[in-house]
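Architecture at a glance
For reference, the chains in residue letters:
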Amino acid sequence: MADGTFAALLFIIGMTDMSMNHCGTDQGCLGTSQTAPRFSISGGQVLNRRADPAAEVYLRYDLGRQIGPFGTAIGLSVGEAGEAWVGAGATYTIPFGRSGAYAELHAMPGLYFDNGGFDLGGAVAFRSGFELGYETSRGWRMALSYDHRSNAGIYEENPGVETVQVKLSIPLN
């Protein structure tokens, strides 16, 4: 599952949730609400697509603001060969009842700097992904995530990379 599938799922599921649960409120479909801001750190490995397997660290800050059902976040990742990505976008969390288990989708456009590492074909790169995790009663989250980065075909070459990571997310309030 790659090449924009996660971004499409985020859009379809989020828009369905919005129409069912947000549009009938006083704030309207895209009304804003506050959530707990969070800082996340992930570590993992870029999978071999056309890139050599390599380590990556990914930092993300969830801004503590929702627009309709969508969370807002910014992120920065750095790979072991010096490649870096920075972007901002949307998240959508699906809790599994009161169990603490959850799934989350994210889609974030951004800028990619290969810095001599893997070339994604151009400076604009989109990151979309999926994570499965558990949230403790204190709001800490532990998850396994999988994401895809590519230029979505806006450049002639569109090699793309996938990353598998272990993630720790800490609420900041």
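These lines cover the structure that appears in this document, whether it is placed above or below. (Residues numbered from 1 in each chain as written. Predicted model: local features only at pLDDT ≥ 70, side-chain atom pairs only at ≥ 80, totals over all residues. Heavy atoms only, no water.)

**Digging into the pattern of salt bridges**
Inclusion rule: Salt bridge, as used here: a side-chain nitrogen of Lys or Arg that lies within 4 Å of a carboxyl oxygen of Asp or Glu. For the purposes of this entry, the term helix denotes a DSSP run of H or I that reaches at least four residues, the term strand denotes a run of E that reaches at least two, and both are numbered from the N terminus. Exposed residues in this analysis have more than 50% of their type's maximum accessible area, buried residues have under 20%, and partly exposed residues fall in between, with area computed by a 1.4 Å probe over protein chains only.
Taken as a whole, this structure holds ten salt bridges when the rule is applied. Between E56 and R149 there is a salt bridge whose closest N-O contact spans 2.8 Å. In this pair, E56 is assigned in strand β3 (residues 54-67) and R149 in strand β8 (residues 141-150), connecting sequence segments 93 residues apart. R141 is the partner of E104 in a salt bridge, and the nearest nitrogen-oxygen pair spans 3.5 Å. Of this pair, E104 sits in strand β6 (residues 101-113) while R141 is found in strand β8, placing the two residues 37 residues apart along the sequence. R141 shares its class with E104; the two are buried. Among the charged side chains, a network of salt bridges with common partners joins R38, R60, D62, E104, E131, E135, R141 and K167.

**A short note on the pairing of strand β5 (residues 84-95)**
Our working rule: DSSP-based pairing: two strands are paired if at least 2 bridges between them are found.
Pairing analysis gives eight bridges linking strand β4 (residues 70-79) to β5, with the strands arranged antiparallel. From the neighbouring strand, T72 faces β5, where its bridge partner is A90. Between β4 and β5, which pair antiparallel one after the other, the connecting turn spans four residues, and G82 there sits at a positive phi close to 95°. Count of turn residues in the β5/β6 antiparallel hairpin: five residues, of which G97 carries a positive phi of about 65°.

**Topic: the nonpolar core**
Quick reminder of the rule: The definition of a nonpolar core used throughout is a set of buried Ala, Val, Leu, Ile, Met, Phe, Trp, Tyr and Cys residues joined through side-chain atoms within 4.5 Å.
By size, the foremost hydrophobic cluster in this structure holds ten residues: V46, Y58, A73, W85, M108, Y112, F118, L120, A125 and V161. Formed by six residues, the second largest nonpolar core is a distinct cluster that contains L10, M18, Y92 and L105.

**Thoughts on the state of the cysteines**
What counts here: Cysteine sulfur atoms that come within 2.5 Å of each other are treated as a disulfide pair.
Applying the stated criterion to the full structure yields one disulfide. The side chain of C23 participates in a disulfide bridge whose partner is C29; the two sulfur atoms lie 1.8 Å from each other. Residues C23 and C29 are joined by a disulfide whose S-S torsion is about 125°; by sign, that bridge is right-handed.

**Some words on the packing of aromatic side chains**
Rule in force here: For this analysis, a ring pair means two rings from Phe, Tyr or Trp (six-membered ring only for Trp) whose centres lie within 6.5 Å, classed as stacked if their planes differ by under 30 degrees, edge-to-face if by over 60, and tilted for the remaining angles.
Within the structure shown, the criterion is met by four aromatic pairs. Residues F6 and F130 carry aromatic rings whose centres are separated by 6.2 Å and whose planes lie at 10° to one another, so their mutual orientation is stacked. Here F6, found in helix α1 (residues 5-22), pairs with F130, found in strand β7 (residues 124-135); they are 124 residues apart in sequence, far enough to count as distant. Among the residues examined, F6 registers a relative accessible area of 5% and is labelled buried. Given the relative accessible area of 30%, F130 is considered partly exposed. Taken together, a centroid distance of 5.9 Å and an interplanar angle of 70° make the contact between F6 and Y146 edge-to-face. Remark: Y146 occurs in strand β8 and F6 occurs in helix α1; sequence separation between them is 140 residues. By the ring-pair criterion, three or more aromatic residues cluster together here, those being F6, F130 and Y146.

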